[in-house]
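As a plain string of letters, each chain reads:
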Amino acid sequence: MSQLQTRFFTENKRYAVDDVPFSIPAGSEVQDLSNVINKLLEAKNASHSQVDFDFLVRGQFLRMSLANHMETEGISTEEVVEIEYVQRITAPEPEECMMHDDWISSVDADTEWILTGSYDKTARIWSLEGKAVMTVAGHTDAVKDVAWVKRDGLTSVLLTASLDQTVLLWEWNSERNKVKARHCCRGHTASVDTIAADPTGSKFCSGSWDKMLKIWSAVPTEEADEVEELPNRPRKKQRTEQLGLTRTPLMTLSGHNEAVSSVLWCDSEELCSASWDHTIRMWDAETGGMKTTLTGSKVFNCISYSPLCRRLASGSTDRHIRLWDPRTKDGSLVLLSLTSHTGWVTAVKWAPSHEHQLVSGSLDNLVKLWDTRSCKAPLYDLAAHEDKVFCVDWTESGLMLSGGADNKLYTYRYSACETDAGA
């Protein structure tokens, strides 16, 4: 078998080998190359213990023989091939399982607590270890999205959005474990499916089945706003006592032609929304003006933005995850497609501390962990759920989470390799 001239390099100084060309069989696959690196490391240090490595050629993970990869990527076999190696990520393992009484629609986890929303009309707060701490009840219909706004010592402000057309703004004291609805945010005329707090925690944005985006104050006050009653709308029978003081929006952003499925803040001045109208739109949060439109060919269910790689990831009903540059002048240009799910992609989330990694969830019951340097296949399929997956998230500390139609929220322990975690 023919040989290839290769040079190996890594950013992890602990596993560095000599910077000289090696002659390697062209048919070598990942495990063969991993054995080579381990032998070289053993030669330098007799106490070296076996490490599994992954290999990148021109920024793409090797997932076939070296010769086949070079041919597929159109890389010349005449020159020395530069091969980067990184410590392989081990498969994330399910750790805790938390239960609601109905489908879990949404999850937002931070460094201390997990917040979930459910079709059982409640939100719940959990410890990272999976212990139920508080049930947040007040909506008259399914909770579609949840979000932490900010934490000030023992007091947290959080949001719940519902099919009942309202968003409730709550204050929770973790020491006394008491929760209180401070404001009932009224203005949408259909289900509120998505909410996101701005980076400062002073405002939030909501997106609805009514095609509108609305920006609201996220600061609790003792004042109630007046709601304008539309003259031709039939007055609903007075329901049970409203929770919290009425709050009305600061601004309404209209432009989408179908339901708004997902909203996020790229930074404190810029909003991004995805819709069933096949578009993703960027908005100026100060003026409410539309800045850019990214146009797809199918319904968008979810979006996530990474400040590390400055890319948007979207999930659609055609099973694909697509990566976009939100600053693009060409709104139809897809940078990369990740294809492996066999059902609608319902959730996608970039890793908080890794510019190449994201996690996705789908109606095919699977959660997938991706690295954008290996776009042909995910790194791992996580098959813990027995039914549709609706939401995914992860924390800075390396905990991945997913919730779905089996009423379960799973956490997975995830160890990013040292080099990629910026160590």
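Quick notes on the rules
- Residues numbered from 1 in each chain as written.
- Predicted model: local features only at pLDDT ≥ 70, side-chain atom pairs only at ≥ 80, totals over all residues.
- Heavy atoms only, no water.
- Pairing = 2+ DSSP bridges.
- Helix = DSSP H or I, 4+ residues; strand = E, 2+ residues; numbered from the N terminus.
- Axes fitted to C-alpha atoms, helices over the stretch in contact; angles between N-to-C directions.
- Buried < 20%, exposed > 50% of the residue type's maximum accessible area, 1.4 Å probe, protein only.
- Polar contact = N/O pair within 3.5 Å; in protein donor to acceptor, adjacent residues only side chain to side chain.
- Contact = heavy atoms within 4.5 Å.
- Salt bridge = Lys/Arg side-chain N within 4 Å of Asp/Glu carboxyl O.
- Phe/Tyr/Trp six-rings, centres within 6.5 Å; stacked < 30°, edge-to-face > 60°.
- Expected span 1.5 Å × (residues − 1).
- Arc of directions from axis to C-beta.
- Patch = residues over 30% accessible without salt bridge, like charges linked within 9 Å, V, L, I, M, F, W, Y side chains within 5 Å.
- Areas by Shrake-Rupley, 256 points an atom, 1.4 Å probe, with all protein chains shown as cover.
- Disulfide = S-S within 2.5 Å.

Trainee: Teacher, can you tell me more about the sheet that holds strand 25 (residues 311-316) here?
Mentor: Where strands meet in a sheet, backbone hydrogen bonds hold them as pairs that are either parallel or antiparallel. With respect to topology, four strands assemble into an open sheet ordered 24-25-26-27, the strand pairing being antiparallel. Each of the sheet's edge strands pairs with one partner strand only, and the pair in question is strand 24 (300-306) and strand 27 (336-339). Neighbour to neighbour, the strand axes of the sheet diverge by 20° on average, direction disregarded. Two elements, strand 24 and strand 25, share six bridges in a ladder whose sense is antiparallel.

Trainee: Whenever I open this one, the sheet that holds strand 9 (residues 122-127) confuses me. Can you help?
Mentor: Taking strand neighbours across the sheet as the criterion, the four strands line up as 7-8-9-10 in an open arrangement whose pairing is antiparallel. The outermost strands of the open sheet, each flanked by one partner alone, are strand 7 (104-109) and strand 10 (132-137). In this sheet, neighbouring strand axes are inclined to one another by 20° on average, regardless of whether the strands run parallel or antiparallel. Bridging between strand 9 and strand 10 involves five bridges; their strand directions are antiparallel. Each residue of the ladder has a partner; that of alanine 123, found in strand 10, is valine 136.

Trainee: Quick question: what am I supposed to make of unusual backbone geometry here?
Mentor: For asparagine 177, which is not glycine, the phi torsion reads 50° and is therefore positive. Secondary-structure assignment places asparagine 177 in the loop between strand 13 (167-173) and strand 14 (178-185). Note on asparagine 177: relative accessible area 26%, which makes it partly exposed.

Trainee: Please clarify how the side chain of lysine 368 should be interpreted in this entry.
Mentor: Positionally, lysine 368 belongs in strand 30 (residues 367-371). At 2.9 Å, the side chain of lysine 368 forms a polar contact with the side chain of aspartate 381. Setting aside chain neighbours within four positions, we find lysine 368 in contact with Ser340, His341, Leu358, Val359, Ser360, Pro378, Tyr380 and Asp381.

Trainee: When you look at the pattern of salt bridges in this model, what are you seeing that I'm missing?
Mentor: Pairing between side chains becomes possible if they bear opposite charge and their charged atoms approach one another. Tallied over the full model, the rule gives 22 salt bridges. Linking arginine 151 and glutamate 112 is a salt bridge whose minimum nitrogen-to-oxygen distance equals 3.4 Å. Here the residue arginine 151 occupies a position in strand 11 (residues 143-152), and glutamate 112 occupies one in the loop between strand 7 and strand 8 (113-118), the gap between them amounting to 39 residues. With a closest N to O distance of 2.8 Å, glutamate 171 and arginine 182 form a salt bridge. Placement of glutamate 171 in strand 13 and of arginine 182 in strand 14 is noted, with a sequence separation of eleven residues between them. Looking at glutamate 171, the relative accessible area reads 23%, which means it is partly exposed.

Trainee: Teacher, can you tell me more about the packing of aromatic side chains here?
Mentor: The geometry of two aromatic rings is summed up by the distance between their centres and the angle between their planes. What the rule picks out here adds up to 15 aromatic pairs. Ring centres of phenylalanine 8 and phenylalanine 22 lie 6.0 Å apart, and the angle between their planes is 45°; on these two criteria the pair is classed as tilted. Remark: phenylalanine 22 occurs in strand 2 (residues 22-25) and phenylalanine 8 occurs in strand 1 (residues 3-9); sequence separation between them is 14 residues. No difference in accessibility class separates phenylalanine 8 from phenylalanine 22, as the two residues are buried. Relative to tryptophan 276, the ring of tryptophan 209 has its centre 5.2 Å away and its plane inclined at 75°; by these criteria the two rings are edge-to-face.

Trainee: Sorry, what's going on with the environment of serine 206 here?
Mentor: With respect to the element layout, serine 206 can be found in strand 16 (residues 203-208). When its relative accessible area of 0% is taken as the criterion, serine 206 is described as buried. In sequence terms serine 206 and threonine 166 are 40 residues apart; their C-alpha atoms lie 9.8 Å from each other. With residues near it in sequence (within four places) discarded, serine 206 still touches Val167, His188, Val192, Thr194, Ile195, Met212, Leu213, Lys214 and Trp216. A polar side-chain atom of serine 206 sits 2.7 Å from a polar atom in the side chain of histidine 188.

Trainee: Could you clarify how one ought to interpret helix 1 (residues 30-44) in this entry?
Mentor: A rise of 1.5 Å per residue sets the reference length of helix 1, with its 15 residues, at 21 Å; its end C-alpha atoms lie 21 Å apart and thus fit the reference within 8%. Turning to helix 1, its buried residues are Val30, Leu33, Ser34, Ile37, Asn38 and Leu41. The arc that holds the buried residues of helix 1, viewed along the axis, is 140°, so those residues lie on one side. Exposed side of helix 1, more than 90 degrees from the buried face: Lys39 and Ala43 are the residues found there. At its buried positions, helix 1 is contacted by strand 1, strand 2, strand 3 (53-57) and strand 5 (81-87).

Trainee: What should I look at first to understand a nonpolar patch on the surface in this one?
Mentor: Taken together, the side chains of Trp209, Trp276 and Trp344 make up a nonpolar region of the molecular surface, amounting to roughly 320 Å² of accessible area. On the accessibility criterion, tryptophan 276 (31% relative accessible area) is partly exposed.

Trainee: Please explain the state of the cysteines as it appears in this structure.
Mentor: All told, the structure shown has zero disulfides when counted by the stated rule. Here cysteine 184 is not cross-linked by a disulfide; its sulfur's nearest cysteine counterpart is in cysteine 185, at 6.8 Å. Taking the relative accessible area as the measure of exposure, cysteine 184 reaches 3% and is therefore buried. Looking at cysteine 391, it has no disulfide partner, and the nearest cysteine sulfur is the one in cysteine 302, 11 Å off. The class of cysteine 391 is buried, set by a relative accessible area of 5%.

Trainee: Any chance you could explain the environment of proline 92 here in plain terms?
Mentor: By the element assignment, proline 92 lies in the loop between strand 5 and strand 6 (93-99). Of the residues examined, proline 92 reaches a relative accessible area of 5% and is grouped as buried. Spatially, the C-alpha atom of proline 92 lies 9.4 Å from that of threonine 411, the residues being 319 residues apart in sequence.

Take it as geometry only, folks, not as evidence of what the structure does.
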